[in-house]
Amino acid sequence: MTSRRAVIALGGNAMTGPDGSATPAAQRAALAVAAEAVAAVVAAGVEVVLTHGNGPQVGNLLVKNEMAAAVVPPVPLDWCVAQTQATVGFTLADELDAALAARGLDRRTAALVTRTLVDADDPHFAAPSKPVGRYLPAAEAARFTALGQHWQDRGPRGWRRVVASPEPRSVVDAPAIAALVAAGFVVVCAGGGGVPVVEGAPLHGVETVVDKDLTAALLARELGADTLVVATDVPHVVVGWGTDAARPLGRVTPAELRAHAAAGEFDGGSMGPKVEAALRFVEGPVDGLAPPRRAVVTSLDTIADAVTGDAVGTVLTA
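Attention here is on the structure that accompanies the text.

1. Some thoughts on empty space enclosed by the protein
By the definition in use, this model includes 1 cavity of 30 Å³ or more. Of the pockets and cavities examined, the largest cavity occupies roughly 60 Å³. What lines the largest cavity is L62, N65, E66, P74, F144, Q149, W151 and R161. The element best represented in the lining of the largest cavity is helix 2 (residues 55-67), accounting for 3 residues. Per-class residue counts for the lining of the largest cavity are 4 nonpolar, 2 polar and 2 charged.

Rendered as structure tokens:
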């Protein structure tokens, strides 16, 4: 099958060099590789919306916060998410425009700083657990604890900041994204899960992070996409990871994948959210006007094949 509209969630391996380097040159080179893969999808006639990670970029900003705390006030985490969305967004837009032009495609890219609504009463706020940034000695961590941040002793490596990671409820800017897609743009949006905001007069940002893959799944449903591709650094979801019984999953049903998740097969800090995102996108009712939904978890170099067929990756259909 060939998709009509696809949301592609680029993982961290699309944002940094092969050695994990996050220098501007390494990031641009990595994004150029990702852009080539996405351009192949656009060339197949598919409407494409891109989301992306921002962990290394936010980590760098947090280090700058820490090092300059005695000189300038640290900026809040929601600001960091917005800044990295803009930086990655414009860089990816430049690289994708070039990749599309090289294929002779008369399409352009638009990058949108995107807000994601979360519930101010989400229970995750009461128990921050998502680690962000680097490890610090106890004395340095204490400086930031005094500023109201939450830090945890993580053992021999030192202390690390932890923040809440509440559930995404809606993508505030989904109507604008839909309008850009309808106008013929390839849209880069919802980076890092979106800038987290809570309801109020007006909406306002909060110091938290939203899981990027869960936001991608939510956005894909809100946009009426028929395919969600979660691009990561492995070609399949694997059960029995790290054991002699390890095996990749190809085509699976939601029930099968949920059973594997319930058995603890997927790490909560890596593959777990990707599996959950795929399940959330595919599960649930589809009205008579909506297309059947499918999700694929696969590596960056196979995303074009993942959008146009079922021969690669872990393919989930209802």
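2. Notes on the nonpolar core
The biggest cluster of nonpolar side chains holds 37 residues, and the ones touching the most others in it are V7, V49, I177, L219, L228, L257 and L316. Of all the secondary-structure elements, those providing two or more residues to this core are strand 1 (5-10), helix 5 (174-182), strand 9 (185-189), helix 6 (212-222), strand 12 (227-232), helix 8 (271-282) and strand 16 (294-299). Considering each element in turn, this core owes the most residues, 7 residues, to helix 8. Excluding anything up to four places from it in sequence, L228 contacts V7, A216, A217, A277, A278, F281, R294, A295 and V296. Listed in part, the 32 residues of the second largest apolar core include M15, V48, L96 and V229.

3. Some thoughts on the packing of helix 7 (residues 254-262) against helix 8
Put simply, helix 7 and helix 8 touch, their axes get as near as 11 Å, and they point 150° apart. What the angle tells us is that helix 7 and helix 8 run roughly antiparallel. The element helix 7 and its partner helix 8 pack so that their crossing is left-handed. For the pair formed by helix 7 and helix 8, the contact residues are P254, L257 and R258 on the first element and V275, E276, L279 and V282 on the second. In terms of residue class, the contact of helix 7 with helix 8 is built from 5 nonpolar, no polar and 2 charged.

4. Details of the environment of D153
Within the secondary structure, D153 sits in strand 6 (residues 151-153). For D153, a relative accessible area of 53% puts it in the exposed group. Residues D153 and V186 lie 33 residues apart in sequence; the distance between their C-alpha atoms is 43 Å. Those residues in contact with D153 that sit more than four places away from it in its chain are G158 and W159.

Conventions we followed
- Residues numbered from 1 in each chain as written.
- Predicted model: local features only at pLDDT ≥ 70, side-chain atom pairs only at ≥ 80, totals over all residues.
- Heavy atoms only, no water.
- 1 Å grid on protein atoms, 1.4 Å probe; cavity = no way out; pocket = protein on both sides within 12 Å on 5 of 7 lines; lining within 4 Å.
- Points joined across faces, edges and corners; volume = space filled by probe spheres on them.
- Helix = DSSP H or I, 4+ residues; strand = E, 2+ residues; numbered from the N terminus.
- Nonpolar A, V, L, I, M, F, W, Y, C, P; charged D, E, K, R; others polar.
- Core = buried A, V, L, I, M, F, W, Y, C linked by side-chain atoms within 4.5 Å.
- Buried < 20%, exposed > 50% of the residue type's maximum accessible area, 1.4 Å probe, protein only.
- Contact = heavy atoms within 4.5 Å.
- Axes fitted to C-alpha atoms, helices over the stretch in contact; angles between N-to-C directions.
- Parallel < 35°, antiparallel > 145°, perpendicular 65-115°, else oblique.
- Left-handed = near helix turned anticlockwise from the far one by under 90°.

Interpretation note: all reported values are geometric properties and have no functional meaning in isolation.
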